[in-house]
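# Results of the structural survey
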Amino acid sequence: MTRSVRTRRPVQLAAFGAAALLALSACSSSDDSGSAKSDPSASASTKISGDITVFAAASLKESFETLGKQFEEAHPGTKVTFSFGGSDSLAASITGGAPADVFASASPKTMKIVTDAGDNSGTPATFVRNQLEIATLPGNPDKVDSLKDLTNSDLKVVLCDKEVPCGAAAQKALDASKLKLTPVSYEEDVKSALNKVVLKEADAAVVYKTDVKAAGDKVEGVEFPESADAINDYPITLLKESKNTATAEAFIALVQSTEGQKVLTAAGFLNP
């Protein structure tokens, strides 16, 4: 009996060891598989590729171009194409079928044109705000100190069209102050209004602080208290007809991220 037990013991140990190795191997294989599936960067990197088109308010030009470059550097193989302009015109283009992936508007009113048409995907989110400022010629030779000063008939003043967010905000500030202003022209977007001053075709323009800052020493900015009552919220949304939703969503995420907000606030935008 003793001899019989001794001859079986090594066989039992070998069998046990083999079973343990098989179990360990299976467990290790299962863990490796789970680890690969749970790696978000691996899956994200395969999805974030290709081209997207972003329709954005003219006042976002400098900031969004910076963010676009950052995005392309962070995601090789992507390309962000921008179309900047008056938010109302961009909204009309989107509802008219123009291909785009993202829309960033300078006001909820112009965003509503897109949402009412059902051309958005998801709920638009405010990512920054912007405040008006008076842009004058360098050195402010006409001594413009207030919104009321712009009513001087000797001054050539330009405004954004009333349908454009910067024009609507300017009109709101004028109405609140009970002032009437007849500009020499209404411009299609804020950059066009500012450019009139840069080219010395106008003495002053009511634009955004961000545009005055972007222009550097080409203009001088004059703050006015009524602008606090006409601050614009800027919403952004993914568009329903986007052909590259993963990349479009990633760009929106960058705009809303801490890094994105640093770029925007450095340009003079206000936090949402």
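Refer to the structure printed above.
Right, let's walk through the structure included here. In this text, all values refer to a predicted model and were calculated from it rather than measured experimentally. (Residues numbered from 1 in each chain as written. Predicted model: local features only at pLDDT ≥ 70, side-chain atom pairs only at ≥ 80, totals over all residues. Heavy atoms only, no water.)

### Notes on the overall build of the chain
Spelled out, the test is: Numbered from the N terminus, helices here are DSSP runs of H or I no shorter than four residues, and strands are runs of E no shorter than two. We call a residue buried when its accessible area falls under 20% of the maximum for its residue type, exposed when it is over 50%, and partly exposed in between, using a 1.4 Å probe and counting protein chains only. When checking whether two residues touch, look at their non-hydrogen atoms; a contact exists if any pair is within 4.5 Å. Values of accessible area rely on a 1.4 Å probe in the Shrake-Rupley scheme; residue burial ignores everything except the protein chains shown.
In terms of regular secondary structure, the chain is built from ten helices and ten strands. Put simply, the chain has 272 residues, and 41% of those count as buried. In the chain, of all internal contacts separated by at least 6 residues, the share reaching a separation of at least 24 is 78%. By element, 52% of the accessible surface of the chain is carried by carbon and sulfur atoms, the whole surface being about 14,200 Å².

### Focus on the pairing of strand E8 (residues 204-208)
Rules: Only strands that DSSP links by at least two bridges are regarded as paired with each other.
Counted residue by residue, E8 has five buried out of five residues, so it is predominantly covered. Here strand E5 (residues 132-136) runs beside E8; their pairing, made up of five bridges, is antiparallel. Within E8, the position partnered with Thr 136 by the bridge is Ala 204. Sheet topology places strand E6 (residues 157-160) next to E8; two bridges connect them, and they run parallel. Counted as the bridge partner of Val 158 is Ala 205 from E8.

### Quick look at the packing of aromatic side chains
The description of an aromatic ring pair uses the distance of the two centres, along with the angle that the planes make with each other. The condition that has to hold: Between 30 and 60 degrees the pair is tilted, below 30 it is stacked and above 60 it is edge-to-face, where a pair is any two Phe, Tyr or Trp rings, Trp via its six-membered ring, whose centres lie within 6.5 Å.
Evaluated as defined, the whole model comprises nine aromatic pairs. Ring geometry for Phe 82 against Phe 84: centres 5.3 Å apart, planes inclined by 20°, an arrangement best described as stacked. Geometrically, the ring pair formed by Phe 127 and Tyr 234 is edge-to-face, given 6.3 Å between the ring centres and 85° between the ring planes. With Phe 127 in strand E4 (residues 120-130) and Tyr 234 in strand E10 (residues 232-239), this residue pair connects regions lying 107 residues apart in the sequence.

### Regarding the nonpolar core
The criterion, for reference: In these notes, a set of buried Ala, Val, Leu, Ile, Met, Phe, Trp, Tyr and Cys residues joined through side-chain atoms within 4.5 Å is what counts as a nonpolar core.
Val 54, Leu 60, Phe 64, Phe 127, Leu 150, Tyr 234 and Phe 251 are the most contacted members of the largest nonpolar core, which totals 65 residues. Ala 91, Ile 94, Phe 103 and Leu 239 belong to the second-largest nonpolar core, a separate cluster that totals nine residues.

### Notes on helix H6 (residues 165-177)
The criterion, for reference: Take the number of residues in a helix, subtract one, and multiply by 1.5 Å to get its expected span.
Its 13 residues place the ends of H6 18 Å apart at the C-alpha level, agreeing with the 18 Å of an ideal helix rising 1.5 Å per residue. Along H6, the residues classified as buried are Pro 165, Cys 166, Gly 167, Ala 169, Ala 170, Ala 173 and Leu 174. A positive phi of about 60° marks Lys 178, the residue just after H6.

### Regarding the side chain of Asp 203
Test applied: None of His or the chain ends enter the tally, which takes Lys and Arg as positive and Asp and Glu as negative. When a carboxyl oxygen of Asp or Glu is within 4 Å of a side-chain nitrogen of Lys or Arg, the pair counts as a salt bridge.
Mapping Asp 203 onto the fold places it in the loop between helix H7 (190-198) and E8. No salt bridge forms around the buried Asp 203; measuring N to O, its nearest opposite-charge neighbour Lys 156 is 5.3 Å away. Leaving out residues up to four positions away in the same chain, Asp 203 has contacts with Ala 135, Thr 136, Leu 137, Asp 142, Asp 154, Leu 155, Lys 156 and Val 197.

### Description of the sheet that holds strand E9 (residues 220-222)
Selection rule: Where helices are involved, their axes are fitted lines through C-alpha atoms of the stretch in contact, as for all axes, and angles between N-to-C directions lie from 0 to 180°.
Within the open sheet, the five strands sit side by side as E7-E6-E8-E5-E9. Their pairing is mixed. Each edge of the sheet is formed by a strand with only one pairing partner; in this case those strands are strand E7 (185-187) and E9. If you compare each strand with its neighbour and ignore which way they point, the axes differ by 35° on average. Relative to the sheet, H6 contacts E5, E6 and E8, its axis offset from that of E6 by approximately 115°.

### Description of the sheet that holds strand E1 (residues 50-57)
Strand order in the open sheet made by the five strands is E2-E1-E3-E10-E4, with mixed pairing throughout. Since the sheet does not close on itself, it has two edges, and those belong to strand E2 (78-85) and E4, each with one partner. Adjacent strand axes in the sheet meet at a mean angle of 20°, parallel and antiparallel pairs treated alike. Helix H4 (residues 87-95) rests against E1, E2, strand E3 (102-104) and E10 of the sheet, and its axis sits at about 135° to E1.

### A closer look at the state of the cysteines
Condition: By disulfide we mean two sulfur atoms from cysteines, separated by a distance within 2.5 Å.
A complete count under the given rule lists one disulfide for this structure. Across the disulfide from Cys 160 sits Cys 166; the S-S distance is 1.9 Å. Between Cys 160 and Cys 166 the disulfide shows an S-S torsion of about -115°. By sign, it is left-handed. Each member of the pair, Cys 160 as well as Cys 166, carries the same accessibility label: buried.

### Describing the environment of Ala 98
Topologically, Ala 98 is positioned in the loop between H4 and E3. Judged by relative accessible area, which is 27%, Ala 98 ranks as partly exposed. Separated by 143 residues in sequence, Ala 98 and Glu 241 place their C-alpha atoms 9.4 Å apart. Residues contacting Ala 98, with those up to four places away along its chain left out, are Phe 55 and Ser 93.

The values reported here are purely geometric and, on their own, carry no functional implication.
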